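# Observations on the model geometry
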Amino acid sequence: MSMRIALLGLSGVGKSTLIGRLRQSVQILHLQASALIKAEQAYRAQHADSSEALRLGAVMDNQDLLIAAYKREAQVTTLPIIFDGHNVIDGRDGLVEIPTSVFRALDLNVICYLSANPELIAERRQMDVGRARPARDAVTLAEHQRIACSAAERIAGEIGCDFVLIADDKIDHLMELVG
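Residues numbered from 1 in each chain as written. Predicted model: local features only at pLDDT ≥ 70, side-chain atom pairs only at ≥ 80, totals over all residues. Heavy atoms only, no water.

### What about the pairing of strand S2 (residues 29–32)?
The side-chain alternation of S2 yields one buried face, formed by Leu29 and Leu31, and one unburied face, formed by His30 and Gln32. Bridge count between S2 and strand S3 (residues 81–85): four bridges; the pairing is parallel. Opposite Leu29, over in S3, you have Ile81 as the bridge partner. (Buried < 20%, exposed > 50% of the residue type's maximum accessible area, 1.4 Å probe, protein only. Helix = DSSP H or I, 4+ residues; strand = E, 2+ residues; numbered from the N terminus. Pairing = 2+ DSSP bridges.)

This is the structure:
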């Protein structure tokens, strides 16, 4: 089985950007949660929802779709896998924590949590006109980040894998894990 790493963090923290930089140095399979859900919807001949609809919709139902698509992709690769997703989603009715069982089903070796300055996250969210995200101030984002990081560490402990906190886009931490 290939190395399986979850890179979690708030929307706008820079997960996809960090993974893109990593891909310039090492071959990996980058599996993004929203893309997996959309792919599974299409596979099952459903209409694929936008990322915003996924965030506001049946978050827990979507996790079954995510797991199915992830397992299908993971079984056909020998490359290290970086799963790019969220363990806490800023949903319609507040924060929704993704259950530990979802991460257990991914057979992860490591859960990494990417953190950044909340003011920077707020700025990135404002600059990204291609995605609809809830408008949150830096104080709220700091609290969301604290909650999500704590939950990620707890989930790693519950499923028996390592937890690594990655701060300020430090690609070297992720590079070491991939090998």
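Structure's up, so let's keep going.
### Observations regarding the pairing of strand S6 (residues 110–115)
On any regular strand, side chains alternate: one points to one face of the sheet, the next to the other face. A large share of S6 lies buried, amounting to six of its six residues. A two-sided burial pattern is seen for S6, the buried positions comprising Val110, Cys112 and Leu114 on one face and Ile111, Tyr113 and Ser115 on the other. Inspection of the sheet shows strand S1 (residues 4–8) paired to S6 by four bridges, in the parallel sense. Within S6, the position partnered with Ile5 by the bridge is Val110. By the bridge criterion, six bridges tie S6 to strand S7 (residues 162–167) in an arrangement that is parallel. The partner of Cys112 across the bridge, within S7, is Val164.

### A word on the nonpolar core
By size, the foremost hydrophobic cluster in this structure holds 55 residues, and its most contacted members are Phe83 and Ile111. Per-element tally for this core: the top contributor is helix H7 (residues 138–159), with eight residues. Contacts of Phe83, omitting those with residues within four sequence positions, involve Ile5, Ala6, Leu7, Leu8, Leu31, Ala33, Leu36, Leu66, Tyr70, Phe103 and Leu106. (Core = buried A, V, L, I, M, F, W, Y, C linked by side-chain atoms within 4.5 Å. Contact = heavy atoms within 4.5 Å.)

### Side note on the environment of Leu66
Looking at the element boundaries, Leu66 is found in helix H4 (residues 59–74). Since its relative accessible area comes to 2%, Leu66 is described here as buried. In this structure, the C-alpha to C-alpha distance between Leu66 and Ile159, residues 93 residues apart in sequence, is 18 Å. Setting aside chain neighbours within four positions, we find Leu66 in contact with Ala33, Leu36, Ile37, Phe83, Val102 and Leu106.

### Structural notes on the sheet that holds S7
Here five strands make up an open sheet; going across it, the order is S2-S3-S1-S6-S7 and the pairing parallel. At either end of the open sheet lies a strand with only one pairing partner, and these are S2 and S7. For this sheet, the mean inter-axis angle between neighbouring strands, taken without regard to orientation, is 20°. Along the sheet face, H4 touches S1, S2 and S3 and points at about 160° away from the line of S3. (Axes fitted to C-alpha atoms, helices over the stretch in contact; angles between N-to-C directions.)

### Observations concerning the packing of helix H6 (residues 118–127) against H7
Remark: H6 packs on H7, axes separated minimally by 8 Å, with the N-to-C direction vectors making an angle of 110°. By the angle between their directions, the pair H6 and H7 is classed as roughly perpendicular. Here the hand of the crossing between H6 and H7 comes out right-handed. In contact with Pro118, Glu119, Ile121, Ala122 and Arg125 of H6, H7 contributes Ala138, Leu141, Ala142 and Gln145. A breakdown of the residues in the contact of H6 with H7 according to their chemical character gives six nonpolar, one polar and two charged. (Parallel < 35°, antiparallel > 145°, perpendicular 65-115°, else oblique. Left-handed = near helix turned anticlockwise from the far one by under 90°. Nonpolar A, V, L, I, M, F, W, Y, C, P; charged D, E, K, R; others polar.)

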